[in-house]
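# Analysis of the macromolecular model
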Amino acid sequence: MNGHLRDRILRKIETLSDERGYQVLDYVEFLEARYAEKPVAEAGIFVRLSDAVEDKLRAGRVSVQAIGEVTSLLDRAGKLLDGVAAAGRSLSDDIQGKRGPTP
């Protein structure tokens, strides 16, 4: 999909309520399953977890507001864990840099 079309669709979707947004999501997932021309980009573990929780809540007929709160919490937790992982990688790089290359 070209960038202009994607941006135009996003502008239209942003005007909708969460409930209508879920209807759009359902339709897009239907179109994807039926007509996708390329594989879906692999999402990170936290995004997949959040999507799975959201789908379970929707199947259980939980209110849109409650789903929004849960997914917002999961998003914040994922960002926090991403930050912790980045700090760990940085620390590891620092330690390896101080030791020098291993023979």
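You'll find the structure just up there.
Residues numbered from 1 in each chain as written. Predicted model: local features only at pLDDT ≥ 70, side-chain atom pairs only at ≥ 80, totals over all residues. Heavy atoms only, no water.

### Here we look at the side chain of Thr71
Along the chain, the position of Thr71 falls in helix 4 (residues 64-99). A distance of 3.1 Å separates a polar atom in the side chain of Thr71 from the backbone oxygen of Gly68. (Helix = DSSP H or I, 4+ residues; strand = E, 2+ residues; numbered from the N terminus. Polar contact = N/O pair within 3.5 Å; in protein donor to acceptor, adjacent residues only side chain to side chain.)

### Some points on the layout of surface pockets
A probe as big as a water molecule, rolled over the atoms, marks out the empty space that is left. Within this model, the largest pocket holds a volume of roughly 1,400 Å³. Every residue lining the largest pocket is counted, 27 residues in all, and those nearest its centre are Leu25, Val28, Glu29, Glu32 and Val40. Where the lining of the largest pocket is concerned, the elements lending two or more residues are helix 1 (3-13), helix 2 (18-35) and helix 3 (45-59). When residues in the lining of the largest pocket are grouped by element, the largest group, ten residues, is from helix 2. Looking at the lining of the largest pocket residue by residue, the class counts come to 15 nonpolar, one polar and eleven charged. Roughly 160 Å³ of volume is contained in the second largest pocket. Elements with a minimum of two residues in the lining of the second largest pocket: helix 3 and helix 4. (1 Å grid on protein atoms, 1.4 Å probe; cavity = no way out; pocket = protein on both sides within 12 Å on 5 of 7 lines; lining within 4 Å. Points joined across faces, edges and corners; volume = space filled by probe spheres on them. Nonpolar A, V, L, I, M, F, W, Y, C, P; charged D, E, K, R; others polar.)

### Concerning the side chain of Ser50
Checked against the element boundaries, Ser50 lands in helix 3. By relative accessible area, Ser50 is classed as buried at 13%. Once residues lying within four places of it in the same chain are set aside, the contact partners of Ser50 are Thr71 and Leu74. (Buried < 20%, exposed > 50% of the residue type's maximum accessible area, 1.4 Å probe, protein only. Contact = heavy atoms within 4.5 Å.)

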